[in-house]
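# Remarks on the overall topology
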Amino acid sequence: LTHCRNSRGARRAEEMIDPRMRRGKTIAASLVVLLISICLALYISLFRMQSINTRTADTHAVQRPGIPRFNSTALFHEFVLATFNNSAYRRWKPSRGIIFLKTHKTGSSTLTSIFHRLAVTHNLSCAVPLLSGKGKTHDLRNQTIQDEVRYSMLSQKNTPMPFDMWVNHVSYSPFIHDVVPSAHGFAFASIRDPATRVPSSCDFFKCCPHDRSNWTLYSQFVQSNDGARFLKEGTEVCRLDDTSIDITGVNRSSPGFVASFEETLSKVRDGRLLLLVTDRMLESVLVLMHEYDLHPLDASFHSLKVRTDSSVEDGEENLPDEVRNAYEKTRQAHRYDWELYKLANRTLDERLRRFYPVPSKLVRDLEALEEMNQWMGSLCSPRMAAEISSTIQQMCFEWKVDNVAWIQAHHPYGPHPSEPVVSSK
C-alpha cells in the first residue's frame, strides 16, 4: 500500500513538473468523448431516418384511399351526383399527357372508352384524326397522317395540337410526343397472349377460319398446309407479331426491328412504357388509376368484348391436346408478341406490389372496382332512365359507347344519325 501511494504520488509530482503530460491526457480524453458522441449521433440519425422512411412508406400506402363500396343503386346514384357537383373533380387535369398506343384485339376498346369519357367529363382535348374508324390504324411515320393529326381538332375544344391525349389505333413514331407531350415520354399499351389474339384477329379481319364457339376450327386450320403458311408468313391484315410492330413502329422484316424491339423492352423495364394485360383488365385499370391519379368513378368501365379477370393459361391443361398444340404453334410464330406478353405480366405484378404493398388492399380494391362497374351498369340501365338527370344520362352514354360511335358523336364533322347529339357540357 505504501508503495502504491508512493507511486501515485510520484506520478502526480511528475504531472505537476510536466504540464504537457496533463494536457495530453486531457486532449485524449476529449477525443474519446467526441468520438463516442459522433458514433451515438450517427446511430440516432440512422434510426430516425429508418423510422421516417417506414412511416413514409406506411403513409404512402394509407394516403391512397380505397375505392368506395355501396349496397344500393340509390346510394351509388348519390355518390355520382355528389362527385359531378364537385367543382374540384370537374377541374381535374392529368399531370402528364395521356398517350395510349392502341393496338388491335387487345382489349383496347374498353380502355379507350375510359379516356374518351375522361375527355368529355374534364374538358380535355383529344386528337381525332380524319378517317378514324373501325380497323383504322394511324401510321404516324407517314407525313400525310401527320398532317391529318396536326390539324385535327375536337369540336368541343377547337384547339390545334398539342393535345391532352391520344387514344387511337397507331403505329408508333416519335412524332406522337409532339402531338401529346408527356413527362419522360411516358405512354401505355395493352398486350394479349397471341394464342387468343391471333384467332380473335382472324374472326375480326376474316384472315383465317375461326369460330368463338368452336376452337377446334382454328386448331384444325393450324395443322393444315394453309395454316402452316399463315403462321410462317401472316397476311397483310393479320401480320406476324402485329402488336410488337405497332408498338415499336418498325416492320418485322426491317433490319432495325430487333434493335427497336430491344429498346421497347428497355422502356418497359425502366417504366417509360406501361404494358397492360388484356386478360387482367381489372388489375390493369387499377394500375392506370394510380399512374394517372384517376378518380375511382373515372376508372370504372364497361367491358367491351373482353373478360376482365381471365387468363389463357388458367386451366389450359384441361384443353384438348390439339387446342394446346395450336396455342403453342401460334406463340412460336408470334415470338416477339409472346415475349412482350410475358414481360407485361411481370411488370404489371411489380407495379401492383408498389401501389398495394398490403395484398389484402389489392384484393379489396379489385372487388370494389368490379362492384362499381356493376353499379354503373345498374345506374345506366334503361329502367333508370326516367330517374337520372341529363348529366348522368350523358355520363352513361359515354360509359357505354364504343370508339366509332364516340367519334361520330363528338367529331367536328357531325354525329352519326343513329346516335344522340351530345353537347359539350
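Residues numbered from 1 in each chain as written. Predicted model: local features only at pLDDT ≥ 70, side-chain atom pairs only at ≥ 80, totals over all residues. Heavy atoms only, no water.

### What to know about the state of the cysteines
Operational definition: For the purposes of this analysis, a disulfide is any pair of cysteine sulfur atoms at a distance within 2.5 Å. Note on exposure labels: buried denotes an accessible area under 20% of the residue type's maximum, exposed denotes more than 50%, and partly exposed covers the range between, all computed with a 1.4 Å probe on protein chains only.
Enumeration according to the criterion identifies 3 disulfides in this entry. Covalent S-S linkage joins cysteine 202 and cysteine 208, the inter-sulfur distance amounting to 1.7 Å. An S-S torsion of about 105° defines the bridge between cysteine 202 and cysteine 208 as right-handed. You can call cysteine 208 buried: its relative accessible area is 10%.

### Side note on the confidence of the model for the chain
Selection criterion: The predictor's confidence in any single residue is recorded as pLDDT, a number from 0 to 100. Any two residues whose heavy atoms approach within 4.5 Å at even a single point are treated as in contact.
Per-residue pLDDT for the chain has a mean of 81; in total, 75% of the residues score no lower than 70. Across residues 1-17, confidence stays below pLDDT 50; counting only partners more than four residues off in sequence or on other chains, it has 2 contacts. In the model, residues 414-425 has pLDDT below 50 throughout and makes 20 contacts with residues more than four positions away in sequence or in other chains.

### Notes on helix H15 (residues 321-333)
Residues lying three or four places apart along an α-helix face the same way, a consequence of the helix completing one turn every 3.6 residues. Going by this rule: The secondary structure listing takes helices from DSSP runs of H or I that are at least 4 residues long and strands from runs of E that are at least 2 residues long, numbered from the N terminus. Given a helix with a known number of residues, its expected span is that number minus one, times 1.5 Å. What the arc describes is the spread of directions from the helix axis to the C-beta atoms.
In this model, H15 (13 residues) spans 18 Å end to end at C-alpha, consistent with the 18 Å of a helix rising 1.5 Å per residue. Regarding H15, the residues found buried are Val323, Ala326, Tyr327, Thr330, Arg331 and Ala333. For H15, the angular spread of buried residues about the axis comes to 160°, placing them on one side. Opposite its buried face, H15 presents the exposed residues Asp321 and Gln332, each directed more than 90 degrees away. The inward-facing, buried residues of H15 abut helix H8 (194-205), helix H9 (216-223), helix H10 (225-233) and helix H16 (335-355).

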